[in-house]
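Here is what each chain is made of, one letter per residue.
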Amino acid sequence: MAGGKIQKKRHGAAGGAGGGIGRLQGGIPFEKSKGQHILRNPALVDSIVAKAGLKPTDTVLEIGPGTGNLTKRLLEAGVKAVVAVELDPRMVLELNRRFQGNPLSSRLKVIQGDVLKCDLPYFDICVANIPYQISSPLTFKLLSHRPIFRCAVIMFQREFAMRLVAQPGDSLYCRLSVNVQLLSRVSHLLKVGRNNFRPPPKVDSSVVRIEPRKPLPPVSFKEWDGLVRICFNRKNKTLGSLFKQKRALELLEKNYKTMQSLQLTQDAEIGEKMSADDVALLANMVEDLSMETGDEKEDDEMEMDADMAGDGAASFKEKIMDILQQGDFAEKRGSKLSQVDFLYLLSLFNKAGIHFS
């Protein structure tokens with residue numbers, strides 16, 4: 001279970017998250033809006049802790065400890081400390097009662113608050129069963145945390161987890177996949193059935209391991225995401241078609257003219273590094289990054305043809321098409337491009353003085 005931002009339930013439920021009716025040992029009712037599901041299978045809890053690869057020197061961040069089933073196993077694993085962030089004051093009280101008088105309590109610190117709003121302390125590893133409605137913003141908040149942690153072992157709704165690990169050409173490969181994999185290595189650890197929770201959610205879950213990349217790729221994340229956003233606007237359209245859209249051309253031409261007027265050098269811009277603040281921009285993009293597919297809504301934008309554009313716009317459009325053809329990207333689709341492909345495409349645009357932020 002987890003403490004996180006209270007939101008209307010989405011996508012059917014959650015597995016540290018979601019709806020359902022139930023009560024804790026003391027008769028405290030679960031709150032649907034807070035995504036409260038207790039992981040009740042001891043063997044599964046042990047497996048999660050084992051796969052985390054904990055060390056005696058580790059400070060572990062746990063998000064949404066609930067009644068402390070996972071917390072207890074983490075402390076018993078002999079780590080240096082466990083910092084648990086919980087939103088629900090009733091759960092904080094229950095957690096404190098559970099460990100009152102227990103020698104393990106000296107290594108436990110409980111923070112009551114919204115994990116998306118509070119400043120996270122130093123930690124080496126994150127182990128958590130979270131409310132699924134905060135999956136996307138929490139993932140990027142963790143990836144923007146400094147100093148960089150060793151890894152995170154987190155339970156997500158299964159479909160979200162599959163998007164995190166999806167590869168080019170997979171049906172679930174999307175902007176979320178590309179952005180998270182740019183910043184980290186993601187691997188699937190366990191599939192978790194809904195009956196491992198009390199009360200059971202409406203969806204299955206999966207545990208994934210996220211290891212932040214060190215160092216971060218030498219690109220501006222705002223630039224990167226600007227490019228990827230266009231490429232996944234409609235994932236089954238070719239890049240040649242997407243970059244002919246009026247809105248995309250107008251945005252890129254505006255950026256191009258701004259850069260020209262400021263007389264920024266190509267080398268200075270290409271050398272821009274990714275920063276924690278850069279990555280943190282995605283922490284608020286819940287709606288368009290959490291469960292998006294990139295082809296769910298109709299694209300009502302029009303392609304800009306020669307009759308619609310003036311000489312300047314037509315010339316800029318030709319410039320864009322030349323770049324795509326130079327890298328043999330015009331007939332390719334964003335859903336098929338790898339990290340290396342996106343990096344190469346971004347470099348081609350940047351070398352031509354075209355930027356996405």
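Conventions used here
- Residues numbered from 1 in each chain as written.
- Predicted model: local features only at pLDDT ≥ 70, side-chain atom pairs only at ≥ 80, totals over all residues.
- Heavy atoms only, no water.
- Salt bridge = Lys/Arg side-chain N within 4 Å of Asp/Glu carboxyl O.
- Helix = DSSP H or I, 4+ residues; strand = E, 2+ residues; numbered from the N terminus.
- Buried < 20%, exposed > 50% of the residue type's maximum accessible area, 1.4 Å probe, protein only.
- UniProt positions renumbered as here; feature names shortened; annotations may be inferred.

(A) Structural context of the pattern of salt bridges. Enumeration according to the criterion identifies ten salt bridges in this entry. Across the salt bridge formed by Asp58 and Arg150, the nearest N and O atoms sit 2.7 Å from each other. Linking Asp58 in the loop between helix 1 (42-51) and strand 2 (59-63) with Arg150 in the loop between helix 4 (135-143) and strand 6 (151-157), this pair joins segments that are 92 residues apart in sequence. In this structure, Asp225 engages Arg175 in a salt bridge whose closest nitrogen and oxygen atoms are separated by 2.9 Å. With Asp225 in helix 7 (residues 221-231) and Arg175 in helix 6 (residues 175-183), the pair connects residues that are 50 residues apart, well separated along the chain. Arg175 matches Asp225 in its accessibility class, with the two residues each being buried. Among the ionic contacts, a cluster of salt bridges with common partners joins Arg175, Asp225 and Arg229.

(B) Structural context of the UniProt feature "binding site: S-adenosyl-L-methionine" (unreviewed entry) in the chain. Under the present numbering, the feature "binding site: S-adenosyl-L-methionine" (unreviewed entry) in UniProt falls on His37, Leu39, Gly64, Glu86, Asp114 and Asn129. Position of Gly64 among the secondary structure elements: in the loop between strand 2 and helix 2 (69-76). Take Gly64: its relative accessible area is 2%, and that puts it in the buried class. For Asp114, a relative accessible area of 12% corresponds to the buried category.

(C) Molecular detail of the environment of Pro42. Relative to the helices and strands, Pro42 resides in helix 1. The exposure class of Pro42 is partly exposed, given its relative accessible area of 43%. Taking the C-alpha atoms as reference, Pro42 lies 9.2 Å from Arg73; in sequence the two are 31 residues apart.

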